[in-house]
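Residue-level listing of the chains:
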Amino acid sequence: MINTNDLPAIQYTVWPADLHGHRFQVKLHIAHPDPSGQVIQMPAWIPGSYLIRDFSKQIETITAYAVAPTKKEIALERIDNNQWRLPPLNSAVEVMTTIYAFDNSVRAAYLDTERAFFNATSLCLEVKGQSNTPCSLAIICPQEAYAEHWTVQTSLAVAKTDQRGFGFYLAKNYDDLIDHPVAMGEFQILRWAANGTPHYMAVQGCVHPIDADRLTKDLQAICTATIDLFEPKSRKAPFKHFLFLVNAVLNGYGGLEHRNSTALLCRRDQIPQKNVPLDEVSYREFLGLCSHEYFHAWLVKRIQPKAFQPYDLGNRNLTCLLWLFEGFTSYYDDLQLFRSKRIDLSTYLKLVADNWNNVLRGPGRNKQSLADSSFDAWTKYYQADENTPNAVVSYYGKGALLALGLDLQIRAFSKNKQSLDDLMRLLWRKHGSVGIAEDGLDDLVFELLGTGFSKTWNEMKSRYIFGVEDIPLQKWIGSNLISVKPKTLTTLEKMKLQFGMRHIDSNGWLKVTHILDGGIAQAAGLAAGDLLASIDGQRITSARWDKVLGSLSENTHTRITFYRDDLEHERMVSLKSTQVPAQYELAPKKAV
């Protein structure tokens, strides 16, 4: 056992206490509380996910005790929903919390008889004024028989653990503590080295044995390509080891970046398993997710906006630069798949074109700039509703197009002597530990390319970052290897664009989820939540939607019947030929 006298002044102990009721118990030991009244706070959000989530809402009980000379309960003063104040004391205190955990995402905490997972932002109270103090985390093994084969997987520094990983871990400070998610349960473990740096993937949820040979080969290639991008000379990663924590489920997708690890959520059928048919497109999506979150180990976790240094976990941290941090990462995630030879050029170009066309189909791109999309991420992008496509542009999607456009412009200006890679490496050298100001990219662009590039860069900023103009990739792609041309739309594809409606299947009904500005559906008076019943007397279901829509003709009138709030409505609408958003195709040019 570790000598508790050797532990830091701030100590956390986590028990998966109630697997059936989904409850953790957490003890916080504070050796030297603020004698005037120590304030403790539960974070309101988790870095990398820009939404106030108020993790304190899952605290069911909270009790404080004075430790010396005898253990005695003491009062806690509520300051607000996330903060409490201890009474003035000159001795150590302990705070016990019971926290409900049944959020299967990568952002919070989860506990049942199969697995446990947590980010410290969901379980561990921050000791205000002592956030920079080293701390320890003790993880206790559940007593239930379900957990007899459980192990712990985390990238936290080990102090003293048993063979299964239960025991004591150390963190440099509170920010370090919350940057290492913890998973418990039974795992399939994959191991590989990228440029000599150990990498691991711990997977939960796959019923069949994983095809480790294929997955490790692909991940090794992706990780190596990314290390080489940022460090072409030393070829060294900025971490001693890296851990991919994967939760494979029936339906789910997402990831959250950390300095030395990432938490991923995916479908089981996206992971290659032995003797199980694999959908190659789904697997490519999973590799793209791994590539995206791995790239964040540089861009977001080490290269950061000044607004994130330090994080204020009780309030929104606002920046106009998410188009850089998320958008440029989105550009590189698929590009790294191509560079590492995981996909061919045709597949890569199709991914670029799909994103380009998706951005062009959104009316919100004409209203919101990339800078505003970044700044308003907390209230708009992360709180999407039925009007989001009409009001918001994605800083992921359009940000990736901006990165491609800037890459093309740099290559054209320098006659292919430089590229966006050089700008990323300069960004890494200058801001790998020092936050970048909101206008800090300007200095780097001019340092790399000189003032001769200023007109191009200033125009890109005013039009495509702070303005709402479409990025004219069709004009900038002048490669001898790539062809760009307007996409030839089928009658059905054109009608879908003109109709301007998104939908889901709901118990056999076609249920409207979004109505796009300027479309036929909006002219007909359809709204989100409506159940579409028929068009010109032909019943509408998800299975029949394409057939019925494809039978319609332009410059005619059609009758649309739908239900809203269980009342029938009927509308006549003109199918006028209207301009549809531009759509493009990218493909390799055939050798002559």
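You'll find the structure just up there.
Residues numbered from 1 in each chain as written. Predicted model: local features only at pLDDT ≥ 70, side-chain atom pairs only at ≥ 80, totals over all residues. Heavy atoms only, no water.

## Comments concerning the packing of aromatic side chains
Item 1. One pass over the structure, following the stated rule, counts 33 aromatic pairs.
Item 2. Taking 5.1 Å as the distance between ring centres and 20° as the angle between the ring planes, the aromatic pair formed by phenylalanine 102 and tyrosine 110 counts as stacked.
Item 3. Between phenylalanine 242 and phenylalanine 244 the ring centres are 5.0 Å apart and the planes differ by 65°, which places this aromatic pair in the edge-to-face class. Comparing phenylalanine 242 with phenylalanine 244 shows no difference in burial state: the two are buried.
Item 4. An aromatic cluster is built from Trp192, Phe230, Phe239, Phe242, Phe244, Tyr294, Phe295, Trp298, Tyr331, Tyr332 and Trp428, whose rings are joined through pairwise contacts.
Item 5. Cation over ring: lysine 71 sits above tyrosine 65, and NZ or CZ is 4.8 Å from the ring centre. (Phe/Tyr/Trp six-rings, centres within 6.5 Å; stacked < 30°, edge-to-face > 60°. Buried < 20%, exposed > 50% of the residue type's maximum accessible area, 1.4 Å probe, protein only. Lys NZ or Arg CZ within 6 Å of the ring centre and 35° of its normal.)

## Here we look at the sheet that holds strand β10 (residues 115-118)
Item 1. Pairing is antiparallel across the open sheet formed by four strands, whose spatial order is β9-β10-β16-β13. Strands with a single pairing partner mark the edges of an open sheet, and in this sheet they are β9 (109-111) and β13 (151-153). Across the sheet, the mean angle from the axis of one strand to that of its neighbour is 15°, orientation sign disregarded. (Pairing = 2+ DSSP bridges. Helix = DSSP H or I, 4+ residues; strand = E, 2+ residues; numbered from the N terminus. Axes fitted to C-alpha atoms, helices over the stretch in contact; angles between N-to-C directions.)

## Let's talk about the pattern of salt bridges
Item 1. Applying the stated rule across the entire model yields 27 salt bridges.
Item 2. Here glutamate 60 and arginine 23 are joined by a salt bridge, their closest N and O atoms 2.6 Å apart. Of this pair, glutamate 60 sits in strand β4 (residues 59-66) while arginine 23 sits in strand β2 (residues 23-30), and the two are 37 residues apart along the sequence.
Item 3. For arginine 564, the salt bridge is made with aspartate 530, and the minimal N-O distance between the two is 2.8 Å. Placement of the pair is arginine 564 in strand β27 (residues 557-564) and aspartate 530 in the loop between α15 (520-523) and β25 (531-535), with a sequence separation of 34 residues.
Item 4. Residue arginine 564 is classed as partly exposed on the basis of its relative accessible area, which comes to 31%.
Item 5. Classification of aspartate 530 as buried rests on a relative accessible area of 1%. (Salt bridge = Lys/Arg side-chain N within 4 Å of Asp/Glu carboxyl O.)

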